[in-house]
Amino acid sequence: MNISKLIVVGIVALSLSACGNKHNDTTAPSPSAAVKADSANIATLYQNYCMSCHGTQLQGGQGPNLQKVGERLDEAAIIKQIQKGGGGMPPFQVAMKDEELKALASWLAQLK
Ligand code: HEC
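Residues numbered from 1 in each chain as written. Predicted model: local features only at pLDDT ≥ 70, side-chain atom pairs only at ≥ 80, totals over all residues. Heavy atoms only, no water.

When its secondary structure is counted, the protein chain shows five helices and zero strands. Here the protein chain has roughly 7,200 Å² of accessible surface; of this, 59% comes from carbon and sulfur atoms. (Helix = DSSP H or I, 4+ residues; strand = E, 2+ residues; numbered from the N terminus. Areas by Shrake-Rupley, 256 points an atom, 1.4 Å probe, with all protein chains shown as cover.)

Next up, the structure:
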């Protein structure tokens, strides 16, 4: 168990128990709340698009283990993998907004 995994588990639990799928577009969050919302978004993105193949703990399954994916791939390579898919992974270029894609990829790229 490394720290980033613990954080993911915490965030997933939080985003499940907290505000459902309500968006905070209308509120003006403090800077720290904005950071939390970002991490929660990444967890939600991961849950929605990636967890079925890469596992609840990034441990892998149908797709490879992503727990230390940042050691193998940089952010650009991860973005490319998500956009284009390949090797049994579907492309997500259409499903995801650019900033969501970037946030998810940079989070994965720092898992080392
Ligand atoms: C339908 C199952 C499936 C889904 C959903 C899926 N993947 Fe994958 N993913 C795979 C498979 C299979 C591979 C292996 C591809 C290969 O070997 O070329 C892979 C490979 C990867 C890799 C490269 C890992 C490496 O070590 O080379 C990354 C990064 C990745 N996926 C991220 C994601 C992200 C982020 C999402 C969500 C947006 C996602 N995947 C959704 C099946 C999936």
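This part covers the nonpolar core. Formed by 20 residues in total, the largest nonpolar core has its most connected members in Leu58, Ile78, Ile82, Met96, Leu104, Trp107 and Leu108. At the level of elements, α2 (31–54), α4 (75–84) and α5 (98–109) are the ones that each hand at least two residues to this core. Considering each element in turn, this core owes the most residues, six residues, to α5. Look past the residues within four positions of Met96 in its chain and what remains in contact with it is Leu45, Tyr49, Ile82, Leu101 and Leu104. (Core = buried A, V, L, I, M, F, W, Y, C linked by side-chain atoms within 4.5 Å. Buried < 20%, exposed > 50% of the residue type's maximum accessible area, 1.4 Å probe, protein only. Contact = heavy atoms within 4.5 Å.)

This paragraph deals with the site of the ligand. Neighbouring the ligand are 22 residues, the closest being Cys50, Cys53, His54, Arg72 and Met89. Between a nitrogen atom of the ligand and a side-chain N or O atom of His54, the distance comes to 2.7 Å. Arg72 places a side-chain nitrogen or oxygen 2.6 Å from an oxygen atom of the ligand. Cavity membership is defined here by more than half of the atoms lying within 2 Å of grid points; on that basis the ligand lies in the second largest pocket. Those elements giving two or more residues to the shell around the ligand turn out to be α2, α3 (69–72), α4 and α5. Among the elements that take part in the shell around the ligand, α2 stands out by supplying four residues, more than any other. Taken together, the residues of the shell around the ligand sort by class into 14 nonpolar, seven polar and one charged. (Near = heavy atom within 4 Å. Polar contact = N/O pair within 3.5 Å; in protein donor to acceptor, adjacent residues only side chain to side chain. 1 Å grid on protein atoms, 1.4 Å probe; cavity = no way out; pocket = protein on both sides within 12 Å on 5 of 7 lines; lining within 4 Å. Sits in = over half its atoms within 2 Å of the grid points. Nonpolar A, V, L, I, M, F, W, Y, C, P; charged D, E, K, R; others polar.)

The next point concerns the layout of surface pockets. Of the pockets and cavities examined, the second largest pocket occupies roughly 410 Å³. Contributing to the lining of the second largest pocket are 21 residues, with His54, Pro64, Leu66, Gln81 and Met89 lying nearest its centre. Among the elements that make up the lining of the second largest pocket, the one with the highest residue count is α2 (four residues). Tallied by class, the residues present in the lining of the second largest pocket amount to 13 nonpolar, seven polar and one charged. (Points joined across faces, edges and corners; volume = space filled by probe spheres on them.)

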